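Architecture and fold: a report
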Amino acid sequence: MRRARAAVLALLAASAWAAPGDARRSGFEDMGASTQAMQREDAMNPAMLWAAEGEQLWGRAPSASSRSCAGCHGEPAALRGVAARYPAWDEALARPVDLNTRINLCRQRHQGQPAWPAEHEQLLSLETLVGLQSRGMPVAPRPDPRMAPHAARGEALFRQRMGQLELSCAQCHEERAGGRLAGSPIPQGHATGYPIYRLEWQGMGSLWRRVRGCMAGVRAEPFAAGSVEFTQLEAYLANRAAGMAVETPGVRP
Amino acid sequence: MAARTLIQFPATARRGEVVQVRVTIAHPMESGFRPGMDGRPLPRDILRRFACRYNGETVFSAELHPAIAANPYFAFHLVADQGGTLEFEWQGDHGFAQVERRPIQVA
């Protein structure tokens, strides 16, 4: 009886962003109707300002002697599906890298430019543009045996109690998902919409900025942007959200 | 550099049709009340006025105030009675002024 009820509840919870029968929920579904409308309609979604900026950057060479993004990749649409499979393995560094790091590596290796610092507006613009190309596609990390130990380490970090409050990611985003923290709904923490336009920030931010906020909230020292441990956590989150639709660019309250 | 804008309305309309116009502009809308990293209030930097002109005639205008969030969005309707140009103008603190023009076709 109880199991049947749980199954019915899971079906009710099923959504447009996850396949029917999937108990996973995007944070999108717990937002107010007006915030959902902002994300659904490109004409209302302020993140499209960053996507438009990204398109400008895409076609512009950063210096006279270097090529633009378009010079190698062609149209942005050529990167369809790329954001859905990141983080991915980087041969030269022999470690997993996330999309931000990938863009910065491209910038250093092929354009001869210094890397942008974390949360740089232009970096966010390009990440938004690349992410937008995969919108609606399922999150699909590649089955790479080299990534597996990193994703496993990421899961351990997800379940590791940390900070002065001694809370793990899992304690809120699994055990208490659907509940409330200081009046705000606790989402399941599927990172399908990043980078997001967050109304509280009044701007765009990457997953790292979001996680930094969580980690500072439990009085832990946040992982550095692009660090191996943060990328490991991202790799686990990608596996955890596999099959859910990419929402980039998301809007969150 | 000009601020980024998103402007959307139907490119073609029937004569007399009511069309919706939606505009967003990238602007920090710094209220003047927030402290910066040094603890001192950041100087106010907001948009003060927005206007939309349809072939020179003002069809919509608004005053903006510090409590309005960054990247202000406006949606309004107008009656498409003739083809021509829609002109969008934002004015703000520190001499901020931007004008965007878009053609509208009426059949």
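Here, every reference points to the structure presented above.
Note that the structure is predicted; figures quoted are calculated from it, not measured.

1. Observations regarding empty space enclosed by the protein
Residues and elements named next belong to chain A.
- By the definition in use, this model includes one cavity of 30 Å³ or more.
- Volume-wise, the largest cavity comes out at about 390 Å³.
- Lining the largest cavity we find 24 residues, and of these Ala 83, Tyr 86, Ala 191, Tyr 194 and Glu 234 sit closest to its centre.
- Among the secondary structure elements, those contributing two or more residues to the lining of the largest cavity are helix H5 (82–85), helix H6 (99–111), helix H7 (121–132), helix H10 (207–217) and helix H11 (228–240).
- No other element matches H11, which puts four residues into the lining of the largest cavity.
- Its residues placed into classes, the lining of the largest cavity shows 16 nonpolar, five polar and three charged.

2. Remarks on the interface of chain A and chain B
- Listed as interface residues are eleven residues of chain A and, on the opposing side, 14 residues of chain B.
- With both sides pooled, the region where chain A packs onto chain B buries about 1100 Å², and carbon together with sulfur makes up 57% of that total.
- It is Ala 43, Leu 49 and Gln 202 of chain A that lose the most area in chain A upon contact with chain B, and together they represent 53% of the buried surface on that side.
- Counting the contacts that link chain A with chain B gives two salt bridges.
- Inspection of the region where chain A meets chain B yields four residue pairs in polar contact (both at pLDDT 80 or more).
- Ranked by residue count, the leading element in the side of chain A that touches chain B is helix H3 (residues 47–58) of chain A, at four residues.

3. Looking at the packing of H6 of chain A against H7 of chain A
Residues and elements named next belong to chain A.
- Put simply, H6 and H7 touch, their axes get as near as 10 Å, and they point 110 degrees apart. Judged by the angle between their axes, H6 and H7 are roughly perpendicular. Of the two elements, H6 crosses H7, and the hand of that crossing is right-handed. Counted together, Leu 99, Asn 100, Ile 103 and Asn 104 of H6 and Leu 123, Leu 126, Glu 127 and Val 130 of H7 form the full contact between these two elements.
- Split into classes, the residues belonging to the contact of H6 with H7 amount to five nonpolar, two polar and one charged.

4. Re the pattern of salt bridges
- By the definition in use, this model includes 24 salt bridges over all chains.
- Two residues, Arg 4 of chain B and Glu 53 of chain A, come together in a salt bridge whose shortest N-O distance is 3.9 Å. Within this pair, whereas Arg 4 of chain B is found in the segment before strand S1 (5–8), its partner Glu 53 of chain A is found in helix H3, the two belonging to separate chains.
- Take Glu 53 of chain A: its relative accessible area is 11%, and that puts it in the buried class.
- Across the salt bridge formed by Arg 14 of chain B and Glu 17 of chain B, the nearest N and O atoms sit 4.0 Å from each other.
- The class of Glu 17 of chain B is partly exposed, set by a relative accessible area of 24%.

5. Some points on the layout of surface pockets
- Approximately 1200 Å³ is the volume found for the largest pocket.
- Lining the largest pocket are 43 residues, and of these His 173, Pro 185, Pro 187, Arg 210 and Cys 214 of chain A lie nearest its centre.
- Those elements giving two or more residues to the lining of the largest pocket turn out to be helix H9 (169–175), strand S3 (180–181), strand S4 (184–185), strand S5 (196–198), H10 and H11 of chain A.
- Of all the elements, H10 of chain A adds the most residues to the lining of the largest pocket, at seven residues.
- Each residue belonging to the lining of the largest pocket can be placed in one class, and the counts come to 23 nonpolar, 13 polar and seven charged.
- Lining the second largest pocket we find 31 residues, and of these Gln 202 of chain A together with His 27, Pro 28, Ala 70 and Asn 71 of chain B sit closest to its centre.
- At the level of secondary structure, the elements contributing two or more residues to the lining of the second largest pocket comprise H3, H7 and strand S6 (203–205) of chain A.
- Counting residues per element, the lining of the second largest pocket draws most heavily on H7 of chain A, which supplies three residues.
- Split into classes, the residues belonging to the lining of the second largest pocket amount to 16 nonpolar, six polar and nine charged.

6. Some remarks on the nonpolar core
- Residues Val 21, Val 23, Phe 50, Phe 76, Leu 86, Phe 88 and Trp 90 of chain B are the most contacted members of the largest nonpolar core, which totals 25 residues.
- Those elements that provide at least two residues to this core are strand S3 (17–25), strand S4 (47–54), strand S6 (73–80), strand S7 (84–92) and strand S8 (97–106) of chain B.
- Within the second largest apolar cluster, 18 residues are counted, among which are Val 211, Met 215, Phe 223 and Leu 237 of chain A.

7. Some remarks on the side chain of Ser 206 of chain A
- Relative to the assigned elements, Ser 206 of chain A resides in the loop between S6 and H10.
- Once you skip the residues sitting within four places of it in the chain, Ser 206 of chain A turns out to touch Asn 100, Glu 119, Leu 124, Glu 127, Tyr 194, Pro 195 and Trp 201 of chain A.

The rules behind the values
Residues numbered from 1 in each chain as written. Chains lettered and ligands numbered in written order. Predicted model: local features only at pLDDT ≥ 70, side-chain atom pairs only at ≥ 80, totals over all residues. Heavy atoms only, no water. 1 Å grid on protein atoms, 1.4 Å probe; cavity = no way out; pocket = protein on both sides within 12 Å on 5 of 7 lines; lining within 4 Å. Points joined across faces, edges and corners; volume = space filled by probe spheres on them. Helix = DSSP H or I, 4+ residues; strand = E, 2+ residues; numbered from the N terminus. Nonpolar A, V, L, I, M, F, W, Y, C, P; charged D, E, K, R; others polar. Contact = heavy atoms within 4.5 Å. Buried area = accessible area lost by both parts, 1.4 Å probe. Salt bridge = Lys/Arg side-chain N within 4 Å of Asp/Glu carboxyl O. Polar contact = N/O pair within 3.5 Å; in protein donor to acceptor, adjacent residues only side chain to side chain. Axes fitted to C-alpha atoms, helices over the stretch in contact; angles between N-to-C directions. Parallel < 35°, antiparallel > 145°, perpendicular 65-115°, else oblique. Left-handed = near helix turned anticlockwise from the far one by under 90°. Buried < 20%, exposed > 50% of the residue type's maximum accessible area, 1.4 Å probe, protein only. Core = buried A, V, L, I, M, F, W, Y, C linked by side-chain atoms within 4.5 Å.

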